[in-house]
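Structural characterization, general
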Amino acid sequence: MAGKNCVAIAGDTRFGVRNQTVALDSNRIFKINNRTLFGMTGLNTDILTLRESFKFQMNLYNLEEEREISPKTFAHNVAQTLYSKRFGPYFITPIIAGLEGEDYTPFLCATDLIGAMEFPKSFVVAGTGEESLMGVCETFYKENMEPEELFEVVSQCLLAAVDRDALSGWGSVVHVLTKDGITTKRLRTRKD
């Protein structure tokens, strides 16, 4: 979700196979650099594979270009990587959140499993609770929220959606990215 010179990205910590819970501390949101966060939902093996692949690609980019990658360029890199595997796709839905340029403009991007990109200005949702999240986010979203208000809105949206989705939960993590850095907070959610 985008705010005033800030973005937030959140996810639950449950790792499961259908209705069976396997782990309670799954991390699906990764820091790419000081201006870009990357979240993925979907098949956990593909999430881990792509995390390592993008980590390698970003290290190579930093060495060759002698600068950090921008969120928009990283989003295009993700889309190209997914499209290159379109006949045997990675079963993930990635979300890229970041701050673009010198004025720290919020940047949001989501793709499907073959890399078709979407650039919303307000918020984007993905995962098993996508339907619940969409309605709640449409209700609570306001333009130009400050980081504290953005954290509260994202937290309430996630908590409301987790309560309505049997395949989500067991805790959640909210990251708020501002020009001053990343603030990460853990939330307690239902555990059933």
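So, here is what we can say about the structure in this document. (Residues numbered from 1 in each chain as written. Predicted model: local features only at pLDDT ≥ 70, side-chain atom pairs only at ≥ 80, totals over all residues. Heavy atoms only, no water.)

1. A look at the layout of surface pockets
Looking at the second largest pocket, its volume works out to about 230 Å³. Of the residues forming the lining of the second largest pocket, the biggest block, 4 residues, is contributed by strand β7 (residues 105-111). When its residues are assigned to classes, the lining of the second largest pocket shows 7 nonpolar, 3 polar and 3 charged. (1 Å grid on protein atoms, 1.4 Å probe; cavity = no way out; pocket = protein on both sides within 12 Å on 5 of 7 lines; lining within 4 Å. Points joined across faces, edges and corners; volume = space filled by probe spheres on them. Helix = DSSP H or I, 4+ residues; strand = E, 2+ residues; numbered from the N terminus. Nonpolar A, V, L, I, M, F, W, Y, C, P; charged D, E, K, R; others polar.)

2. A short note on the packing of helix α1 (residues 44-65) against helix α2 (residues 71-84)
Packing of α1 against α2 leaves a shortest axis separation of 12 Å and a crossing angle of 130 degrees. Classed by the angle they form, the pair α1 and α2 counts as oblique. The handedness of the crossing between α1 and α2 is right-handed. Between α1 and α2, the contacting residues are L50, F54, Q57, M58 and Y61 on the first element and T73, F74, N77, V78, T81 and L82 on the second. Residues that form the contact of α1 with α2 fall into these classes: 7 nonpolar, 4 polar and no charged. (Axes fitted to C-alpha atoms, helices over the stretch in contact; angles between N-to-C directions. Parallel < 35°, antiparallel > 145°, perpendicular 65-115°, else oblique. Left-handed = near helix turned anticlockwise from the far one by under 90°. Contact = heavy atoms within 4.5 Å.)

3. Some remarks on the pairing of strand β9 (residues 172-178)
Along β9, 7 of the 7 residues are buried, which leaves the element largely enclosed by surrounding structure. Of the two faces of β9, the one lined by S172, V174, V176 and T178 and the one lined by V173, H175 and L177 are each fully buried. Pairing of β9 with strand β10 (residues 181-187), which is carried by 7 bridges, proceeds in the antiparallel orientation. Residue V173 lies in a different strand from β10, and its bridge partner there is R186. (Buried < 20%, exposed > 50% of the residue type's maximum accessible area, 1.4 Å probe, protein only. Pairing = 2+ DSSP bridges.)

Everything listed is a geometric property; what it means functionally is a separate question.
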